[in-house]
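# Structure at a glance
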Amino acid sequence: MSNIALSQKAQKLMRLCDLSGFDRVDDLLLAMVLKDTSCPAICTTEGCDHTADMEPDQDQGFCEVCGGNTLLSVLVLADLI
Ligand SMILES: [Zn+2]
């Protein structure tokens, strides 16, 4: 195991993957590419893991938990768009 810390983005991506019921980030991303309506987004505030369905290109969605415009869609998190 590497002891290099994962970037916060990668950690959020893995957390979102976990919360969405996917085993691997690749599976989650593939599922999102195949459906083009909404996709899961996660709050990027440290300590807040609120998730919601947002537009695929959302990069400042409103978080109902911490009140910030901090939700990033999974596709934005993964740098796919
Ligand atoms: Zn939040």
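The shown structure was predicted, so the numbers you read here are calculated from the model rather than taken from an experiment.

### Some remarks on the overall build of the chain
Looking only at helices and strands, one finds three helices and three strands in the chain. Traced from its N-terminal end to its C-terminal end, the chain shows the element sequence α-α-β-β-β-α. At 12 Å, the chain has a C-alpha radius of gyration in line with the 12 Å of a compact globule built from 81 residues. Each of the three principal axes of the chain carries a C-alpha extent, and together these read 35 × 30 × 20 Å. Within the span of the chain, comprising 81 residues, buried residues form 32% of the whole. Pairs at least 24 apart in sequence give 42% of the contacts found in the chain among residues at least 6 apart. Summing over all exposed atoms, the chain offers an accessible surface of approximately 5,200 Å²; the carbon and sulfur share of this is 51%. A distance of 4 Å separates the average location of the 5 positive side-chain charges in the chain from that of its 13 negative side-chain charges.

### Description of the pattern of salt bridges
Per the stated rule, a full pass over the model turns up five salt bridges. Between Arg24 and Asp27 there is a salt bridge, with the nearest N and O atoms lying 3.1 Å from each other. Looking at Arg24, the relative accessible area reads 47%, which means it is partly exposed. Salt bridges sharing common partners tie together Lys12, Arg15, Asp18 and Asp49.

### With respect to the coordination of the zinc ion
Around the zinc ion, the protein contributes the donor atoms Cys43 (SG), Cys48 (SG), Cys63 (SG) and Cys66 (SG), which lie 2.3 to 2.4 Å from the metal centre. In terms of primary sequence, the donors binding the zinc ion are separated according to C-x4-C-x14-C-x2-C. Of the two residues, Cys48 sits in the loop between strand 1 (39-43) and strand 2 (51-54) while Cys66 sits in the loop between strand 2 and strand 3 (71-73), which places them 18 residues apart along the sequence.

### Section: the confidence of the model for the chain
Per-chain confidence: the chain averages 88 in pLDDT, with 93% of residues scoring 70 or above. Per-element confidence in the chain is highest for strand 3, whose mean pLDDT is 95, and lowest for helix 2 (residues 25-34), whose mean pLDDT is 83.

### Describing the side chain of Gln58
Within the secondary structure layout, Gln58 lies in the loop between strand 2 and strand 3. In this structure Gln58 comes out as buried when scored by relative accessible area, which is 14%. A distance of 2.9 Å separates polar atoms of two side chains, one belonging to Gln58 and the other to Glu55. Looking at Gln58, its side chain comes within polar contact range of the main-chain nitrogen of Gly61, at 3.1 Å. Dropping the residues within four chain positions of it, Gln58 is found in contact with Leu71, Leu72, Ser73 and Val76.

Rules of the game
- Residues numbered from 1 in each chain as written.
- Predicted model: local features only at pLDDT ≥ 70, side-chain atom pairs only at ≥ 80, totals over all residues.
- Heavy atoms only, no water.
- Helix = DSSP H or I, 4+ residues; strand = E, 2+ residues; numbered from the N terminus.
- Rg over C-alpha atoms; globule rule 2.2 N^0.38 Å.
- Buried < 20%, exposed > 50% of the residue type's maximum accessible area, 1.4 Å probe, protein only.
- Contact = heavy atoms within 4.5 Å.
- Areas by Shrake-Rupley, 256 points an atom, 1.4 Å probe, with all protein chains shown as cover.
- Lys, Arg positive; Asp, Glu negative; His and termini not counted.
- Charge placed at Lys NZ, Arg CZ, Asp CG, Glu CD.
- Salt bridge = Lys/Arg side-chain N within 4 Å of Asp/Glu carboxyl O.
- Donors = N, O, S within 2.8 Å, 3.2 Å for Na, K, Ca; no water.
- pLDDT = per-residue confidence, 0-100.
- Polar contact = N/O pair within 3.5 Å; in protein donor to acceptor, adjacent residues only side chain to side chain.

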